[in-house]
Amino acid sequence: FKQSEKILTTEFYKELTQEINKTVHKIKAKPNDLKKREILYNYIKSVAKKIFPDSKIYRYGSIENGFSLTDGDIDICILNKDNFEYTPAECVEILGEKLKNNGIDDIKLLIRARVPIIKMKDNRSGISCDIGFQNRLAIQNTKLINAYSKIDNRFKQMVFISKIFNIYLITIYWSKMKNINEPYMGTLSSYCFILMIIHFLQIRKPPVLPNLQKIYLNNFKEYEYIDGFNVSFFGDINNLHKYWNSENNESLGELIVDFFKYYANDFPYISGVASVRAGGIITKEEKEWTREHQFEINKTNSVKDRYWFCVEDPFELTHNLGRPVDRKSLFKIRGEFLKAVKIINNKNLSGIQVLEKILE
Ligand code: GTP
Ligand code: MG
């Protein structure tokens, strides 16, 4: 049987929109939080510069693209010259030791990870920090996210809401707390959620976000490559109007409601891949992200690939951001989207109440 749907009124969406804006304002990092992180960043930079004097040091992730929460972490990437004498894994060991000797004791060196990193937490400030090496793709995809975030404020607000939703997911299913030492299997990263939202906003009718990679490829001839991947995109947002204009006037409330509905009911989990690069859904088949292929490569690789939930990295086309998700965790994640839709359709709840209820 089908539950009769609640009619979502303009008033409902208006209240929900206001509630989203209020919540985001509360949780996003304040100037003081950013200052504390600046101090820790400068300290780590000074330690790293002593060991790798010719390196360039960058921030990436939320601290750089403006999506930090009050207790957000710092992502740091150190670039040494191309034929540097040490591998990224060795650099992790060398800098890791140095940081330990400098009084950072909450520290873990992930040497065998797909991307080797130092995971540390500064006890005085309570701030967590990831430090990696030679990860130019991460610096580049941060720039891409940053460009998208300048186009439409509704995208930014949705990302913040997705972060609280994700923290809630991680909390109920995987741990009481987001412990920096354990990268939870089955969970999605903030980065994956960001791509899920861009994908959703690109296929909206009319779209809320354009396809910055396609705009570049269609209009320019000189391409930039990192690790063999074409990483070009149109980033001159002040001049975007020459190529694309938004005709979407929906409220934030409407978009959030349909975002939950999309990942609850409409996303083609079985056959599809969300692709921000292609600007829509592509098939698992054409990427060979199929079960047979998964089985094949996992025979030889130590890092397991999974294709239950597929979100393509915009540049590193072989990387599925949904990789940590298996059948069980997909069931749970999708179940939470379904639960959110049920809350939205609850006739007794107003636009003000539903958001709180969804995020518990
Ligand atoms: P918070 O740390 O939750 O505030 O969000 P964030 O925006 O920093 O995202 P996250 O920590 O998930 O990822 C940081 C950056 O790592 C992203 O912006 C990407 O540039 C890069 N990245 C690339 N691939 C991956 C991946 O598979 N997992 C994660 N977590 N990050 C990736
Ligand atoms: Mg981060």
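I will try to describe carefully the structure that is included in this document. For every chain, the first residue of the written sequence is number 1, and numbering continues from 1 along that sequence. Written order decides the labels, with chains lettered from A and ligands numbered from 1. At least 70 in pLDDT is required for a residue's local features to be given in this predicted model, at least 80 for side-chain atom pairs to be given and counted, and no such filter applies to totals for whole chains, interfaces and linings, which use all residues. Only hydrogens and water are removed before side-chain values are computed, so all heavy atoms of the structure are retained for them.

1. So, the pattern of salt bridges
The following threshold applies: Here, a salt bridge means any side-chain nitrogen of Lys or Arg that lies within 4 Å of a carboxyl oxygen of Asp or Glu. Comment: elements are numbered from the N terminus, with helices defined as DSSP H or I runs of at least four residues and strands as E runs of at least two. A 1.4 Å probe rolled over the protein chains alone gives each residue an accessible area, and that area as a share of the maximum for its type sets the label: buried under 20%, exposed over 50%, partly exposed in between.
A full pass over the atoms with the stated rule returns 14 salt bridges. Glutamate 64 serves as the salt-bridge partner of arginine 59, at 3.6 Å between the closest nitrogen and oxygen. In this structure, lysine 339 and glutamate 336 form a salt bridge, with 3.5 Å as the shortest nitrogen-oxygen distance. A residue pair is termed a helical-turn pair when its members lie 3 or 4 positions apart in one helix, as lysine 339 and glutamate 336 do in helix 12 (residues 327-344) at three residues. Judged by its relative accessible area of 36%, lysine 339 is partly exposed. Several salt bridges converge on common partners, so that one network encompasses Glu38, Arg59 and Glu64.

2. Looking at the packing of helix 12 against helix 13 (residues 351-359)
This is how the line gets drawn: Axis angles are defined between N-to-C directions and span 0 to 180 degrees, where every axis is a line fitted to C-alpha atoms and, for a helix, only to the segment in contact. Angles are sorted into four bins: roughly parallel if under 35 degrees, roughly antiparallel if over 145, roughly perpendicular if 65 to 115, and oblique for all others. Take the far helix as the reference: if the near one is turned anticlockwise from it by less than a right angle, the crossing is left-handed, and if turned clockwise, right-handed. Two residues qualify as a contact provided that any one of their heavy atoms is within 4.5 Å of a heavy atom in the partner residue. Note that Gly is not counted as nonpolar here; it falls among the polar residues with everything else outside the nonpolar set of Ala, Val, Leu, Ile, Met, Phe, Trp, Tyr, Cys and Pro and the charged set of Asp, Glu, Lys and Arg.
Where helix 12 contacts helix 13, the axes come no closer than 9 Å and their chain directions differ by 155°. It follows from the interaxial angle that helix 12 and helix 13 lie roughly antiparallel. Pair helix 12 / helix 13 crosses with right-handed handedness. Contacts from Ala340, Ile343 and Ile344 in helix 12 reach Val354, Lys357 and Ile358 in helix 13. The residue inventory of the contact of helix 12 with helix 13, partitioned by class, reads five nonpolar, no polar and one charged.

3. What to know about the site of ligand 1
Stated formally: Proximity criterion: a residue is near a molecule or strand once any of its heavy atoms comes within 4 Å of it. Here a polar contact is taken to be a pair of N or O atoms separated by no more than 3.5 Å, where protein atoms must pair a possible hydrogen donor with a possible acceptor and residues adjacent in sequence count only if both atoms sit in side chains. Working definition of accessibility: Shrake-Rupley area with a 1.4 Å probe, residue cover restricted to the visible protein chains.
In the vicinity of ligand 1 lie 15 residues, with Ser62, Asn141, Lys163, Ser190 and His319 positioned nearest. Contacts to ligand 1 include asparagine 141, whose side-chain N or O atom sits 2.2 Å from an oxygen atom. Between ligand 1 and histidine 319, the relevant distance is 2.9 Å, taken from an oxygen atom to a side-chain nitrogen or oxygen of the residue. Isolated, ligand 1 exposes 590 Å² of accessible area, and the fraction of that covered by the protein chains is 80%. Looking at the shell around ligand 1, the elements that each hand over two or more residues are helix 5 (136-151) and helix 7 (190-202). Here the element with the most residues in the shell around ligand 1 is helix 5; it accounts for three residues.

4. Focus: the sheet that holds strand 4 (residues 117-122)
Where we set the bar: The pairing criterion is simple: DSSP has to find at least two bridges between the two strands.
Taking strand neighbours across the sheet as the criterion, the five strands line up as 1-2-5-4-3 in an open arrangement whose pairing is mixed. A single partner strand is all that each edge strand has here, and the edge strands are strand 1 (56-60) and strand 3 (106-110). The mean inter-strand angle of the sheet, taken between neighbouring strand axes irrespective of direction, is 20°. Note that strand 1 and strand 2 (residues 74-79) share five bridges and pair antiparallel. By the bridge assignment for strand 2, isoleucine 57 is matched with isoleucine 78. Helix 2 (residues 31-51) rests against strand 1, strand 2, strand 4 and strand 5 (127-133) of the sheet, and its axis sits at about 150° to strand 1.

All we've got here are geometric facts, nothing functional implied.
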